[in-house]
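Coordinate inspection notes
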Amino acid sequence: MRATSLPAEDLEDFFRLLPRIYGDYRDPRRGPYKLAYMYANTPDNEDSMFLRAIKLANAGEIESLGTSEGDLGHGYEGFDYSVGRLRMLGWKSQVPLVKLDVGGNVNTGSEAAKLAAYMKAYAGRGSTDLAVIAPAFHLPRAFMTTVTALHNAGVVLRVYPIAGVPLPWLQEAAHSQGAKNTRAGWLTGELQRLEKYRAPEFGNMLSAKEVLDYLDWRDG
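In this report, the structure presented in the accompanying data block is examined. Quantities reported herein were computed from a predicted structural model and do not represent experimental measurements. (Residues numbered from 1 in each chain as written. Predicted model: local features only at pLDDT ≥ 70, side-chain atom pairs only at ≥ 80, totals over all residues. Heavy atoms only, no water.)

Remarks on the nonpolar core
One finds Leu 17, Leu 115, Leu 130, Phe 143 and Val 159 to be the most contacted residues of the largest nonpolar core, which totals 34 residues. Of all the secondary-structure elements, those providing two or more residues to this core are α1 (8-22), β1 (35-38), β3 (97-105), α4 (108-120), β4 (130-134), α5 (139-152), α6 (183-196) and α7 (208-219). Per-element accounting of this core gives the leading share, 7 residues, to α5. Residues within four places of Val 159 in sequence aside, it is in contact with Leu 130, Val 132, Phe 143, Thr 146, Val 147, Leu 150, Tyr 214 and Arg 218. In terms of nonpolar packing, the next biggest core, distinct from the first, is built from 18 residues, Ala 36, Ala 53, Ile 54 and Ala 57 among them. (Core = buried A, V, L, I, M, F, W, Y, C linked by side-chain atoms within 4.5 Å. Buried < 20%, exposed > 50% of the residue type's maximum accessible area, 1.4 Å probe, protein only. Helix = DSSP H or I, 4+ residues; strand = E, 2+ residues; numbered from the N terminus. Contact = heavy atoms within 4.5 Å.)

See the structure below:
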């Protein structure tokens, strides 16, 4: 059974987009990111992001680090838990920790909308580059949803995807709502979500071609 019914042209664009997400480049002369945002994940997957954030902070590459707060019970343990886990893993940085309260269900769409609203205050004020951090299986959707949210909010800035540290692909891991699969197995569901969320009733996610156009603008 096919994982998606997207036409061949869309799949070709998605194929072109993936290397630019996983192998993204940012000129180091741009200085530190204004904010690095970690998308909510379950305890099975979150250390991927936390360890990456610690490395970025220790290298002086971020000015602040954010993650979400909101209703619990869907696999995400909340902001305070995330801060505690960061510290258990070795976080000693003085980089400010930013709480973005989505005011309800914590999911990629609600987080991206809140993130766009937060960054709107910084748009046009010098270096306002944003990094989004997610485990590898979640990174394309997290990045595409972020670019969509910024577009919908009229926020013009540069956002860069950063994959968390690698975790075993064939290890079983809980995702949202407690569902379990291997991380490799979750890739099918991610592709299906990317197709589903393009519908108006699910958020009008930008197509792979539109995100490629955004990257050409960002890097141009």
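Section: the packing of aromatic side chains
The full count for this structure, using the stated rule, is 4 aromatic pairs. Between the aromatic rings of Tyr 33 and Tyr 160, the centroid separation amounts to 5.9 Å while the plane-to-plane angle is 65°, which identifies the pairing as edge-to-face. You can see Tyr 33 sitting in the loop between α1 and β1 and its partner Tyr 160 sitting in strand β5 (residues 159-163), a full 127 residues away along the chain. Across this residue pair, the class does not change: Tyr 33 and Tyr 160 are buried. Seen from their ring centres, Tyr 214 and Trp 217 are 5.6 Å apart, and the 40° between their planes marks the pair as tilted. With Tyr 214 and Trp 217 both in helix α7 and 3 residues apart, the pair spans about one turn of that helix. Using a relative accessible area of 14% as the deciding quantity, one classes Tyr 214 as buried. Owing to a relative accessible area of 39%, Trp 217 belongs among the partly exposed residues under this scheme. When the ring centre of Tyr 33 is taken as reference, the NZ or CZ atom of Arg 26 above it lies at 4.0 Å. (Phe/Tyr/Trp six-rings, centres within 6.5 Å; stacked < 30°, edge-to-face > 60°. Lys NZ or Arg CZ within 6 Å of the ring centre and 35° of its normal.)

What to know about the pairing of β4
In terms of burial, β4 is largely enclosed, as 5 of its 5 residues are buried. Residues Leu 130, Val 132 and Ala 134 line one face of β4 and the alternating positions Ala 131 and Ile 133 line the opposite face, and both faces are buried. As judged from the 4 bridges shared by β1 and β4, these two strands associate in the parallel manner. What sits directly across from Met 38, in β4, is Ile 133. Judged from the 5 bridges that link them, β4 and β5 form a sheet pairing that is parallel. When the sheet's bridge partners are listed, Ala 134 is paired in β5 with Ala 163. (Pairing = 2+ DSSP bridges.)

Spatial relationships are all this shows, so hold off on functional conclusions.
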